[in-house]
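# Secondary and tertiary structure notes
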Amino acid sequence: MFRMGLSATLLFSAFSLLPGAANAQQSSYKSAPGADGLPDDFHGKVSYFGNHSGEVIIERSGEARKGAGDCQRPDHRCPTRIGGSLQVDLEYDGLVVRGSFRGSGGLHDSGLIGRRQGAQCRLFDLTDGSVWSGHCDRDGFVGTVKSVPGAATQISLSVEVVGTKVNDYAERDRRRRDALLTQRRIEFLRSVIASNARIDDRLLAAVELDAYSWTYDKLRPETLTIVRHGKARSGRYQIDVEFDLVAGGRGWAHAQIDRDSVACIEFWDVPGQCRAINQPPALIDPDPYVDDTPLSSFTMPKWLPIPREGHGA
């Protein structure tokens, strides 16, 4: 058995020594910063899956040479064909690239570190120093793996993998900030509802808070408007509210007020049903898109929970 570490990064190389590499290079991947490319300031992780194929030559000595009877070379350094599946995860920190890989058919798990220029990556295996060079972007990477001269184990591989998942840390952080702002807004609305503020203010806060539980027809909070106060009878009356919907059109709500408190609210999508205010859940499970398991020595921040949105009666 031999230990052969691989790293994650590749370079379309017109000078590849492998016949398989030439075939892999026929795949047309777009160059950065196009639709599939990665800008120079990209921070995130891309997962890939595909295959590898090529040759490995292992230096043999002593008893190991005796078992290499099918090798006619005097030094018994005859190539062995290998190939199989390959999974690669690359973490881009601007122009610095870190990653890991695991494969079948003779490859063993290892890590990668290196740099890129545009869509061209040059990475080094952390185990044996092998060089991964090739074209890398969010759509995939294709290239070669070569051992350094003089290494006891010489590998020469072609690699072709396609992108299966992209985790853009900038987008993740934007969602994180939005989640924090949403949570703060929900807490503020709850404090208004529980306060001694004017009934109009408490009602508008109640309608907006209820909207965080809507699945469809999201409202635009800045358009909330009280259009009519009904005539009070025995401390009870109705207040009518209107608002715009994000998808277009308008909605309304009729609130029943009982002794300066919101008793129930009837919404336009379920007319005739006056119900209590829906309380949106404070926490939800993280977005399944998110995978912030660090590949490198630096640790990315954890997700904050995002309030659940949806409209229900």
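Residues numbered from 1 in each chain as written. Predicted model: local features only at pLDDT ≥ 70, side-chain atom pairs only at ≥ 80, totals over all residues. Heavy atoms only, no water.

The next thing to look at is the overall build of the chain. Along the backbone of the chain there are four helices and 13 strands. In the chain, 60% of the contacts between residues at least 6 apart in sequence involve partners at least 24 apart. Summed over all atoms, the accessible surface of the chain reaches about 16,100 Å², with 52% contributed by carbon and sulfur. (Helix = DSSP H or I, 4+ residues; strand = E, 2+ residues; numbered from the N terminus. Contact = heavy atoms within 4.5 Å. Areas by Shrake-Rupley, 256 points an atom, 1.4 Å probe, with all protein chains shown as cover.)

For helix α4 (residues 199-211), which comprises 13 residues, the first-to-last C-alpha distance of 18 Å matches the rise-based estimate of 18 Å (1.5 Å per residue) to within 8%. Within α4, 11 of the 13 residues are buried, which leaves the element mostly enclosed by the surrounding structure. On the buried face of α4, the contacting elements are α3 (169-193), β9 (225-229), β10 (236-244), β11 (250-258), β12 (262-267) and β13 (274-275). (Expected span 1.5 Å × (residues − 1). Buried < 20%, exposed > 50% of the residue type's maximum accessible area, 1.4 Å probe, protein only.)

It is worth spelling out the packing of α3 against α4 at this point. Interaxial distance between α3 and α4 falls to 8 Å at its minimum, and their mutual angle equals 145 degrees. Helix-helix and strand crossings are classified by hand; for α3 and α4 the assignment is left-handed. Contacts from Arg 185, Ile 186, Leu 189, Arg 190, Val 192 and Ile 193 in α3 reach Asp 201, Arg 202, Ala 205, Ala 206, Glu 208 and Leu 209 in α4. The class makeup of the residues in the contact of α3 with α4 is seven nonpolar, no polar and five charged. (Axes fitted to C-alpha atoms, helices over the stretch in contact; angles between N-to-C directions. Left-handed = near helix turned anticlockwise from the far one by under 90°. Nonpolar A, V, L, I, M, F, W, Y, C, P; charged D, E, K, R; others polar.)

Glancing now at the sheet that holds strand β4 (residues 110-117). If you trace the eight strands once around the closed barrel, you get β1-β2-β3-β4-β5-β6-β7-β8, paired in antiparallel fashion. Within the sheet, the average angular offset between the axes of one strand and its neighbour, ignoring direction, is 25 degrees. Pairing of strand β3 (residues 96-103) with β4 involves six bridges; the strand directions are antiparallel. Bridged to Arg 98 within β4 is Ile 113. Most of the contacts of α3 go to strand β8 (residues 153-168), to which it runs at about 25 degrees, and overall it touches β1 (43-58), β2 (80-93) and β8. (Pairing = 2+ DSSP bridges.)

To continue, consider the state of the cysteines. Evaluation of the coordinates by the stated rule reveals two disulfides. Each sulfur of the disulfide joining Cys 121 and Cys 136 lies 1.8 Å from the other. Between Cys 121 and Cys 136 the sulfur-sulfur dihedral comes to about 75 degrees; the bridge is accordingly right-handed. Residue Cys 121 is located in strand β5 (residues 120-125), and its partner Cys 136 is located in strand β6 (residues 131-136); the two are separated by 15 residues in the primary sequence. Considered together, Cys 121 and Cys 136 belong to a single accessibility category, that of buried residues. What pairs with Cys 264 in a disulfide is Cys 274, and their sulfur atoms sit 1.9 Å apart. Judged by the torsion about the S-S bond (100 degrees), the Cys 264/Cys 274 disulfide is right-handed. A residue pair is termed long-range when its members are at least 10 positions apart, and Cys 264 in strand β12 and Cys 274 in strand β13 qualify at 10 residues. (Disulfide = S-S within 2.5 Å.)

It is worth spelling out the side chain of Glu 208 at this point. Positionally, Glu 208 belongs in helix α4. Under the relative-accessibility criterion, Glu 208 is labelled buried at 7%. Leaving out residues up to four positions away in the same chain, Glu 208 has contacts with Arg 185, Leu 189, Pro 221 and Leu 224.

Once that is clear, we can look at the nonpolar core. Of all hydrophobic cores here, the largest spans 25 residues; its most connected members are Tyr 48, Leu 86, Leu 90, Tyr 92, Trp 132 and Phe 141. For this core, the secondary-structure elements that each account for two or more residues are β1, β2, β3, β5, β6, β7 (140-146) and β8. One finds Leu 203, Ala 206, Ala 211 and Val 241 within the second-largest nonpolar core, a separate group that totals 19 residues. (Core = buried A, V, L, I, M, F, W, Y, C linked by side-chain atoms within 4.5 Å.)

A few words on the pattern of salt bridges. By the definition in use, this model includes 18 salt bridges. Across the pair Arg 174 and Asp 178 runs a salt bridge whose closest N-O atoms are separated by 2.6 Å. Residue Arg 174 and its partner Asp 178 are both found in helix α3; the two are separated by four residues, about one turn of the helix. Note on Arg 174: relative accessible area 34%, which makes it partly exposed. Two residues, Asp 260 and Arg 202, come together in a salt bridge whose shortest N-O distance is 3.1 Å. A residue pair is termed long-range when its members are at least 10 positions apart, and Asp 260 in the loop between β11 and β12 and Arg 202 in helix α4 qualify at 58 residues. Residue class for Asp 260 comes out partly exposed when judged on its relative accessible area of 42%. Through salt bridges that share partners, Glu 171, Arg 174, Arg 175 and Asp 178 make up one connected network. (Salt bridge = Lys/Arg side-chain N within 4 Å of Asp/Glu carboxyl O.)

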